Amino acid sequence: MCEKTLGVLVACATLGVNAATTVVGDFTIDHTLTADERPLVITGDANITVAANVVTGIGMVTNNGHSVTINLNAGSRANVAWFTVRGGGTTTINFNGGALGDGGGWDTPWFDTEPGSTVALVSVDGNPIRVTHPTSQRKYWNRNRGGGTPGSVTTSGSGRCDLLSASLSGTTKLALILCGCTPSDWGHTGGTYFGHTGEAGATGYVWCNEANVLPPGDIYLGSANGLSPVELNIRSYSQSVGRLHLKNASSTIIRENTAAALKFTAANSGIVSAASSVPTLSIPAVAVEAGAMLTVDKVSVTVASSFSNLGTIAYANGGLLTYSLSNAADAIGLSATAPLTGASCLVKSGAGVYSYAGDAALDVGALTVNGGEFRLSGPRGTTNRWWRFTLKQCADTSRYANISALRLLDGVLTSEGKYQPADGTAPDPDYPNGSRSSYSRNTGAPSNYSRYNWNFTYQQGNGTPTYTAAWTQRGSGQTLEPNVIWVADPTTLACEFTNPYPKQSDPNTWIVYTYRIPEGRAIRGYNLRQAWGFSNYPKYWLLESSADGVTWETMDTQSNYTLPSSGQNWYNGGGAGKLPSSMIDFSSQVKPTTQTAGGLSSSANIKVASGATFDASLVTGGQEVSALTVDCSAGGGTLKGVRFASSGTLYLVNVSAGLNLSDYAVPLAFVGASDTGNVSSWTVRVNGSARTKRVSWRNGGLFLPKLGTVVFVR
């Protein structure tokens, strides 16, 4: 039976279905409890100790309004079905070398709490907080089984936190599902280990069921023994990360929605490996926030679809960061003051065109264009004067469209995430965050428009704005001129558009706004604000620009957008009734008309596959190249606007043993190449080995001359 201490009475229930052990006061478990002794029924404040090396189930435990402490001594493990804390109760679990185990069912929570109730997991003397989930079930971390918001589950102490899930069983992913927690709940300082309880070679699964549920600080994928890989699924949520460590080269990160990303926010952020060799890791989306520094240490990381860097990136011990882009829909957002740095690598795949329009050169180690076209397109912004916004559908298709402000923004993002006007002038005084809109209040006739209002029109096949007091009909039909331009004035509440309601399937119902902006303005982003109605906010829309108002190019498109809250909130930063604090940034994909592209660092190793194109024709003076890689078995593609450095290296790879390199024409095509005579000073490496080969330029391409005496004339 159970050992009571300090003379506190322990009453054990009779055998049978309702068997249990009633606990109050100080109580020690010194053996494995039988089925008749479980569960523990807590009837008052209690201090429960599981003795060293005792492994026992304690059943489904409920603390209803009491103050309870559970001490897990060295080598012990207490298995619970789930732990319920209600009525303002507090439960402190002291990990003094022991562990908390799982015996619960599918979709049950580890901790079942309600508001005002807390569970505190404490690392004692540096011992790890160890929570194991060995059964073939899916477990939630913290939920309120009664519905609504849960209470809090916190960690503290200097030890690490081991959250170990079950391994794969058939085709089912048996996951530890993180929910009901925020970064502030994780107070331990020894890092967090995500692993599994099975043997080496099995895989653990962790799901992030809400935004920003990952612990801050150091996160280790793989158990402390380094044997277990982990699949970390961030699902459809963005997660803030401090330092991400790989304990096993096979760990993976996936997401289920393009809005999800890993956000590195700290000055000492990192992706680090402890493996003996450099492992590879694919991350769907990465964002390095302003002020953060991300160090990639002994890991080869591929960012599979989108990347944003407003901070700094550094590399150590062979670390590599590759950005894999397939077309313009893959977002790469870089600030003017913090472009790519270090041994980064860009990989372009797919048949589409990807245009980068950064203000500065991309300091990358390599560019590989496997398909389509990678185009360097000049500075951020555009000289296009025509802009068109099309609202295709709202969240509720049976109600009127209800929208508020739309702002086209001409600033650039600084490293602090603020807007700096493109022309360097001071921002408008009503923008406390340093931003400036391209539009402000309309003060009268078009000839008297204030600084950036210009030729705004509203069009729709049918329907009329119900707030007509803010509009003056101009001419006939459905063209109106705004008296207070709703796209600029933060006090304008809404424009509501009556039946027919916009439907994505019926272009005749779409609401279209057309602008012609002043000469010299360069739009780099925008933000949209909903009105008061929650269910009829914009959900599908399109933004286009044009040089002539006839031929339109898509700048941004949004589908199935979910607004976080109602009441005049901005879609990408900014509270209700306030100015926008951020923008939907398409600046990296805008195509200018002048030759001012920053280009790549001259040391970048460029490889263009057969059928693909690297276009640097807009780079001022041409893109200098000092390293080219060519796959001799598959052939190379086309390079436009490159300029050969005074010295460089030509890497020929996959060269078959029987290939005759005498008078060999390198399979690359060039358009607009310059300084071609410099190639005579280049070195040739064949399958990694240096050869005493020369490079020459003939008939618009590179070739290796025949053996013998060759005279180069420059």
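These numbers come from a predicted model, not from an experiment. (Residues numbered from 1 in each chain as written. Predicted model: local features only at pLDDT ≥ 70, side-chain atom pairs only at ≥ 80, totals over all residues. Heavy atoms only, no water.)

Asker: An account of the overall build of the protein chain is needed here, citing residue identities and associated values.
Answerer: Within the protein chain, the secondary structure is distributed over zero helices and 58 strands. The buried share among the 714 residues of the protein chain stands at 53%. In the protein chain, once contacts between residues fewer than 6 apart in sequence are set aside, the share between residues at least 24 apart is 62%. (Helix = DSSP H or I, 4+ residues; strand = E, 2+ residues; numbered from the N terminus. Buried < 20%, exposed > 50% of the residue type's maximum accessible area, 1.4 Å probe, protein only. Contact = heavy atoms within 4.5 Å.)

Asker: Break down the pattern of salt bridges for me, with residues and values.
Answerer: All chains considered together, the criterion is met by nine salt bridges. A salt bridge links Arg 160 to Asp 162; the nearest nitrogen and oxygen atoms lie 2.7 Å apart. Here Arg 160 falls in the partly exposed class, since its relative accessible area comes to 27%. Classification of Asp 162 by relative accessible area gives buried; the value is 0%. Its salt-bridge partner being Glu 624, residue Arg 643 comes within 3.5 Å of it at the nearest N-O pair. In this pair, Arg 643 sits in strand S52 (residues 642-653) while Glu 624 sits in strand S50 (residues 623-631), placing the two residues 19 residues apart along the sequence. For Arg 643, a relative accessible area of 25% puts it in the partly exposed group. Residue Glu 624 is classed as partly exposed on the basis of its relative accessible area of 25%. One network of salt bridges, with partners in common, ties together Arg 86, Asp 112 and Glu 114. (Salt bridge = Lys/Arg side-chain N within 4 Å of Asp/Glu carboxyl O.)

Asker: Account for the nonpolar core, naming residues and giving values.
Answerer: One finds Ile 48, Phe 111, Trp 141, Phe 614, Leu 628 and Leu 652 to be the most contacted residues of the largest nonpolar core, which totals 106 residues. Per element, the largest residue contribution to this core is five residues, and it comes from strand S3 (residues 40-50). Contact partners of Phe 111, with chain neighbours within four places excluded, come to Phe 83, Ile 93, Leu 100, Val 119, Leu 121, Tyr 140, Trp 141, Asn 142, Arg 143 and Val 153. Trp 387, Cys 394, Leu 528 and Tyr 571 belong to the second largest nonpolar core, which has 16 residues in total. (Core = buried A, V, L, I, M, F, W, Y, C linked by side-chain atoms within 4.5 Å.)

Asker: Got a sec to walk through unusual backbone geometry? Specific residues and values, please.
Answerer: Residue Pro 39 is bonded to the preceding Arg 38 through a cis peptide linkage, with omega at -5 degrees. Examined against the element boundaries, Pro 39 turns out to sit in the loop between strand S2 (21-29) and S3. Even without a glycine there, the phi angle at Asn 687 is positive, about 50 degrees. Residue position: Asn 687 is located in the loop between strand S55 (683-686) and strand S56 (689-691). Take Asn 687: its relative accessible area is 42%, and that puts it in the partly exposed class.

Asker: Give me the sheet that holds strand S58 (residues 701-704): which residues, what numbers.
Answerer: Adjacent strands of a sheet form backbone hydrogen bonds with each other and so pair up, either parallel or antiparallel. Judged by pairing direction, the sheet is antiparallel, and its three strands sit side by side in the order S53-S58-S57 without closing on themselves. Edge positions in the sheet fall to strand S53 (664-665) and strand S57 (696-698), since each of these pairs with one other strand and no more. Inspection of the sheet shows S53 paired to S58 by two bridges, in the antiparallel sense. Residue Tyr 664 lies in a different strand from S58, and its bridge partner there is Leu 704. (Pairing = 2+ DSSP bridges.)

Asker: Before we move on, can you summarise the environment of Ser 123 with the specific residues and values?
Answerer: Residue position: Ser 123 is located in strand S10 (residues 118-123). Excluding its chain neighbours within four sequence positions, the residues that come into contact with Ser 123 are Phe 95, Ile 129, Ser 156, Gly 157, Ser 158 and Gly 159. For Ser 123, the side chain forms a polar contact with the main-chain nitrogen of Gly 159, separated by 2.9 Å. (Polar contact = N/O pair within 3.5 Å; in protein donor to acceptor, adjacent residues only side chain to side chain.)

Asker: Which residues make up the side chain of Gln 623, and what are the values?
Answerer: In this structure, Gln 623 sits in strand S50. The contacts of Gln 623, once residues within four sequence positions are left out, are Leu 376, Gly 599, Leu 600, Ser 601, Ser 602, Phe 614, Ala 616, Gly 641, Val 642 and Arg 643.

Asker: Kindly report on the environment of Ala 74, identifying the contributing residues and their values.
Answerer: With respect to the helices and strands, the residue Ala 74 is situated in the loop between strand S5 (67-72) and strand S6 (77-86). The class of Ala 74 is partly exposed, set by a relative accessible area of 41%. When sequence neighbours within four positions are dropped, the list of residues in contact with Ala 74 reads Ala 52, Asn 53, Asn 96, Gly 97 and Gly 98.

Asker: For the confidence of the model for the protein chain, give the residues involved together with the corresponding values.
Answerer: Per-residue confidence for the protein chain gives a mean pLDDT of 74; residues scoring 70 or more make up 65%. The model gives residues 327-331 a pLDDT under 50, and that stretch makes 17 contacts with residues more than four places away or in other chains. (pLDDT = per-residue confidence, 0-100.)

Asker: Please give an account of the pairing of strand S7 (residues 90-95) that cites residues and values.
Answerer: Residues in a regular strand project their side chains so that they alternate between the two faces of the sheet. Two elements, S5 and S7, share six bridges in a ladder whose sense is parallel. Bridged to Thr 69 within S7 is Thr 92. Where S7 meets S10, six bridges bridge the pair, whose relative direction is parallel. What sits directly across from Thr 91, in S10, is Val 119.

Asker: Can you tell me about the packing of aromatic side chains, naming the residues and giving the values?
Answerer: According to the stated counting rule, one finds nine aromatic pairs in the structure shown. Grouped by ring-pair contacts, the aromatic residues Trp 110, Phe 111, Trp 141 and Trp 186 constitute a single cluster. Positioned above the aromatic ring of Trp 110, the side-chain terminus of Lys 139 is 5.2 Å from the ring centre. Lying across the ring of Tyr 140, Arg 143 places its NZ or CZ 3.9 Å from the centre. (Phe/Tyr/Trp six-rings, centres within 6.5 Å; stacked < 30°, edge-to-face > 60°. Lys NZ or Arg CZ within 6 Å of the ring centre and 35° of its normal.)

Asker: Talk me through the pairing of S58; I want residue IDs and the actual numbers.
Answerer: Here S58 shows no split at all, with Gly 701 and Phe 703 on one side and Leu 702 and Leu 704 on the other all buried. As judged from the three bridges shared by S57 and S58, these two strands associate in the antiparallel manner. Opposite Arg 698, over in S58, you have Gly 701 as the bridge partner. Linkage of S57 to S58, two consecutive antiparallel strands, is achieved through a turn of two residues, within which Asn 699 is found at a positive phi near 55 degrees.

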